[in-house]
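# Observations on chain architecture
Each chain, written out:
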Amino acid sequence: MEKPFPHITCAVCSKPYNDPRILPCLHSYCLQCLHHEIEKSGSQQMFQCPICERNTSIPVGGASVLPQNFHLGFEVEVAGYMSKMVNNSDVACDHCIDGGNGPAVVFCCTCHQFLCKVAYEHHRTDRHLTKHNMVGLDQEGARQLHTTMKPRDHYCSQPNHDGNKNFYCETCSLLVCRDCTTATHKTHTVKEISTVAKTHQIEITGALEDAREVVTKLTGAMDENNRMIEQVEISKRNASLAINQAFETLQQTLEERKKTLLSELETISLSRTTALTLQKEQFEKMVGDIGHYTDMASQILQTHTDHEIVALGGLIPTELQATLKRVQTISLTPNQHSNITVSVQTDDLTRQLLKLGNLFEFYFSPSSSTWMSTSVARVGARYHVKVQSKTSKGEEYPHGGVEVKGEMRSKTHNGAVVYGEVEDHRDGTYTITLTPQTAGPHQLLITMDGQHVQNSPNDLDVRPKRDYRILCNAQQVIQCNGPRCVAIHDNGDIYVGSHDGCIYVFDQTGQMKNTIGSSGSGDGQFSHPSGISIKGDVLYVADTYKHRVQKLTSSGKFLHKFGQQGSGQGQFNLPWGVIIDSNNKLIVSNNYNQRIQIFNENGVWLLTIDGKGSGNHSFQSPWGLALDPQGNIHVAAYASNTIQVFTREGVYVRMYGDPKGPSGIAIDDEGYSFVSERDGHCLSIYDPEGNKIHTVGNLNYPWGTALDPRDGSVFIANRGADTVLKYCV
């Protein structure tokens, strides 16, 4: 049976609370019930809360000193009054001693008393009682109790003390009256209860705010748990579908293989049976022929006259011998063997099948997943981001199916957002393609299943789009003797490798500011330097005719050298182009050895890309080198008239263009290629897909090509005219 007021029912005795006391865990029980629970625990120090089973210290003085739950006590009192009011039976007047004036007709919410007519009239006429709140003894009156009835005042029970407990002794943690403050609590810290209540209100309000914040977080965590539970079910369904599909495919493959083997068996069996049948028929014919002749001979010998024997005797032996000779010319062994051996090696396959498939307990972790792209984008140009999903342990997660999103958010232009298109490669990697519409600072945001990946958001610089088709006339001409190669420092200085063995340094105006090295074989001297590359304060020079690479400071101080003439690992035969990648690895083209070699920054050999192969992997006289935004190596092969692209691991990617004697190459941050053609006397410009979009002609044996990283200006070593040309976009 349902309890009438469950919120005021003690969990121990199942009755309305009687003098409820509250535990530190905020659960309340009747005082008498707590005495019983403490006694039942058999301990003088600790007992368990009957609801939450939390261990509670037994205070000195027992349960009687535990705080009273005044609110629950009041609720019990109100419930008692409500029960009498709706009971449809007479209620005695609390004001009259003998009840001689009849049953109660109203309830005074101020006095907490049921009043008969006489007492009610007294309340109405007594000026001290006229403001008391009265309610009728019916359903409506019962409903009004909670809003009109106020808790009783707490009076002091000490002898001769006649005041409300309006003070709080912090020393004793007790409510006391004014008389108590001047007596037993005179030396204690005592405050007015209103002051203490305000302090507790502030603390409770703060605790409530903290609790709401924590509950919000917990609710979010619960929502995330629910989402993950749904994801587990989705993953389970997807995995189940993948398993079923895989094994259905395997079953189909096995069934097809079984049909193929049975068909081959039928073909072999039919072929052998046919051959044996034909051989048997040949034997049967010969047996028939021999039988015919022998029957004829036996008949003649037995029944014919001498004249008949003489007449036929010569014919029969001749035919019989001829037949016997034919028998001698053929094999009497069956022309087919009967054994058809089948070999279906199932042991290894069975072992493999028993281990077929893997389930990965570790799911991908967005915060551990990584992405890779360039730090610069161009307005209107496609910007690619490659995302690698990983587990929480940092291991690559080899499956697709994750919701990946990417967006560019402008820090200006009212926060304009560009959303990316996502390609799921189904191996744990994804490609996001975005096309920014406005220039300026942006934020790149990448999420997986709604959570940011590592290093997201990240700042991204979107620059205005360049139109290289407007390149026509050089905006600057720098005079230089026999320029072979050119490189641009981050500060704008122009480094030019010359035929005379020097590296000339020009400022942005074209004025010479330094000369590095001289012709010779010593440290810091060069012989026909054909490739230079500069990064920060480090300068690398391909010292071509000395078959080595030298490392110097940007001001020309010699640091290190490596390489010697030869075809072995780390050796050179006319090193030509040299570039530095983002990991400070050095990539060097080797003209006569027809290969590309990769070294660390100190010249230790790491990898060789050999061009002596055949097909797309073959190239002759590799001169110029450049890296595209994805880190791939572009090789300008002079003698092959090709531009070939390889990964930094040496894997062939593609080939593009139709250059005539390509000698130098440079690539901008969008992937546009600038190829100087020595034999074509021009500069060809290709878009990122390898389509030629523009040609700058009227050059004179151009060799090296370089780009200014700051503004994209194009520099060409125009060797035949002893000039370095600068083209501005």
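Residues numbered from 1 in each chain as written. Predicted model: local features only at pLDDT ≥ 70, side-chain atom pairs only at ≥ 80, totals over all residues. Heavy atoms only, no water.

Secondary structure summary: the chain contains nine helices and 44 strands in total. A globule of 729 residues ought to have a C-alpha radius of gyration of about 27 Å, yet the chain, at 51 Å, is considerably larger. Per-residue burial over the chain gives 38% buried out of 729 residues. Contacts spanning at least 24 positions in sequence make up 48% of the contacts within the chain whose residues lie at least 6 apart. (Helix = DSSP H or I, 4+ residues; strand = E, 2+ residues; numbered from the N terminus. Rg over C-alpha atoms; globule rule 2.2 N^0.38 Å. Buried < 20%, exposed > 50% of the residue type's maximum accessible area, 1.4 Å probe, protein only. Contact = heavy atoms within 4.5 Å.)

Read from one edge to the other, the open sheet built from four strands follows the order E11-E13-E17-E16, with strand pairing classed as antiparallel. Of all the strands in the sheet, just strand E11 (370-372) and strand E16 (421-424) have a single pairing partner and so form its edges. Geometrically, the sheet is characterised by an average inter-axis angle of 25° between neighbouring strands, direction not taken into account. By the bridge criterion, four bridges tie E16 to strand E17 (residues 429-434) in an arrangement that is antiparallel. Within E17, the residue paired with Val422 across the bridge is Ile432. (Pairing = 2+ DSSP bridges. Axes fitted to C-alpha atoms, helices over the stretch in contact; angles between N-to-C directions.)

As judged from the four bridges shared by strand E40 (residues 682-686) and strand E41 (residues 692-696), these two strands associate in the antiparallel manner. Paired with Leu683 across the strands is Val696, a residue of E41. Here E40 folds back onto E41 in antiparallel fashion, the turn holding five residues, of which Gly690 has a positive phi close to 95°.

Here the focus is the environment of Ile243. Within the secondary structure, Ile243 is located in helix H6 (residues 193-303). The spatial distance from the C-alpha of Ile243 to the C-alpha of Gly206 is 54 Å, given a sequence separation of 37 residues.

Viewed as axis vectors pointing N to C, helix H2 (residues 70-85) and helix H4 (residues 139-148) meet at an angle of 165°, and their least axial separation amounts to 9 Å. Viewed along their axes, H2 and H4 adopt a mutual orientation that is roughly antiparallel. Considering only the axes of H2 and H4, their crossing is right-handed. Residues Glu75, Val78, Tyr81, Met82 and Met85 of H2 pack against Gly141, Ala142, Leu145 and His146 of H4. For the contact of H2 with H4, a count of residues per class yields six nonpolar, two polar and one charged. (Parallel < 35°, antiparallel > 145°, perpendicular 65-115°, else oblique. Left-handed = near helix turned anticlockwise from the far one by under 90°. Nonpolar A, V, L, I, M, F, W, Y, C, P; charged D, E, K, R; others polar.)

Moving on, we get to the sheet that holds strand E42 (residues 702-707). In spatial order, the strands read E21-E44-E43-E42; together these four strands make up an open sheet with antiparallel pairing. This sheet does not close on itself; its edge strands, each paired only once, are strand E21 (476-479) and E42. Between one strand and the next, the sheet's axes are offset by a mean angle of 20°, whatever the strand orientation. Across four bridges, E21 lies against strand E44 (residues 723-727) in antiparallel orientation. When the bridges of E44 are listed, Gln476 appears paired with Lys726.

Ranked by size, the top nonpolar core spans 21 residues in total, and within it Val385 and Leu444 carry the most contacts. Sorting the residues of this core by element identifies strand E13 (383-388), strand E14 (404-410), E17, strand E18 (440-448) and strand E20 (458-463) as the ones contributing at least two each. Once you skip the residues sitting within four places of it in the chain, Leu444 turns out to touch Trp371, Tyr383, Val385, Glu407, Met408, Leu434, Ser456, Pro457, Asn458 and Leu460. (Core = buried A, V, L, I, M, F, W, Y, C linked by side-chain atoms within 4.5 Å.)

Right, let's talk about the pattern of salt bridges for a bit. Within this structure, the stated rule accounts for 26 salt bridges. Measuring nitrogen to oxygen at the nearest pair gives 3.0 Å for the salt bridge that ties Asp493 to Lys513. Of the two residues, Asp493 is situated in the loop between strand E22 (483-488) and strand E23 (494-498) and Lys513 in strand E25 (residues 512-516); the sequence distance between them amounts to 20 residues. Here Arg678 ties to Asp679 by a salt bridge, and the two come within 3.4 Å at their closest N and O atoms. The partly exposed category is assigned to Asp679, whose relative accessible area is 38%. Through salt bridges with shared partners, a single ionic network connects Arg378, Asp461, Arg463, Asp669 and Glu670. (Salt bridge = Lys/Arg side-chain N within 4 Å of Asp/Glu carboxyl O.)

Next up on the list: the environment of His185. Turning to its location among the elements, His185 is positioned in the loop between helix H5 (178-181) and strand E10 (190-192). Along the backbone, His185 and Thr171 are 14 residues apart, and their C-alpha atoms lie at a distance of 8.6 Å. Those residues in contact with His185 that sit more than four places away from it in its chain are Cys169, Cys172, Leu174, Val176, Cys180 and Val190.

Our next topic: the packing of H6 against helix H8 (residues 315-328). Here H6 crosses H8 at 155°, and the two axes come no closer than 10 Å. With respect to H8, the axis of H6 lies roughly antiparallel. Pair H6 / H8 crosses with left-handed handedness. Of the residues in H8, those touching H6 at Met286, Asp289, Ile290, Tyr293, Thr294, Met296, Ala297 and Ile300 are Ile316, Glu319, Leu320, Thr323, Leu324, Arg326 and Val327. Taken together, the residues of the contact of H6 with H8 break down into ten nonpolar, two polar and three charged.

We now examine H8. Look at H8: 20 Å from first C-alpha to last across 14 residues, which is about the 20 Å you get at 1.5 Å a residue. Listed in full, the buried residues belonging to H8 are Ile316, Leu320, Thr323 and Val327. Viewed end-on, H8 has its buried residues packed into an arc of 60°, placing them on one side of the element. Away from its buried face, by an angle of more than 90 degrees, H8 presents the exposed residues Leu315, Thr318, Lys325 and Gln328. (Expected span 1.5 Å × (residues − 1). Arc of directions from axis to C-beta.)

Once that is clear, we can look at a nonpolar patch on the surface. Side chains of Ile243, Phe247, Leu254, Leu349, Leu353 and Leu356 sit close together on the surface and give an oily, nonpolar patch of about 480 Å² of accessible area. Every element with two or more residues in the nonpolar patch is listed here: H6 and helix H9 (346-354). Looking at the element boundaries, Leu356 is found in the loop between H9 and E11. We classify Leu356 as partly exposed; its relative accessible area is 44%. (Patch = residues over 30% accessible without salt bridge, like charges linked within 9 Å, V, L, I, M, F, W, Y side chains within 5 Å. Areas by Shrake-Rupley, 256 points an atom, 1.4 Å probe, with all protein chains shown as cover.)

The next thing to look at is the packing of aromatic side chains. In this structure the tally under the stated criterion is 15 aromatic pairs. The interplanar angle of 70° and the centroid separation of 5.4 Å between the aromatic rings of Tyr656 and Tyr686 together place this pair among those described as edge-to-face. A residue pair is termed long-range when its members are at least 10 positions apart, and Tyr656 in strand E37 (residues 652-656) and Tyr686 in strand E40 qualify at 30 residues. A relative accessible area of 5% means that Tyr656 is categorised as buried. (Phe/Tyr/Trp six-rings, centres within 6.5 Å; stacked < 30°, edge-to-face > 60°.)

Let's shift gears to unusual backbone geometry. In the segment running from Ser456 into Pro457, the intervening peptide bond is cis, with an omega of 0°. Structurally, Pro457 is set in the loop between strand E19 (451-452) and E20. Phi at Asp722 takes a positive value of approximately 55°, unusual for a residue other than glycine. Relative to the helices and strands, Asp722 is located in the loop between strand E43 (714-718) and E44.

All right, on to the pairing of E20 then. Both faces of the sheet carry side chains from a regular strand, because those side chains alternate between them. In the sheet, strand E12 (residues 376-378) pairs with E20 via three bridges, with the strands oriented parallel. Along E20, the bridge assignment pairs Ala377 with Val462.

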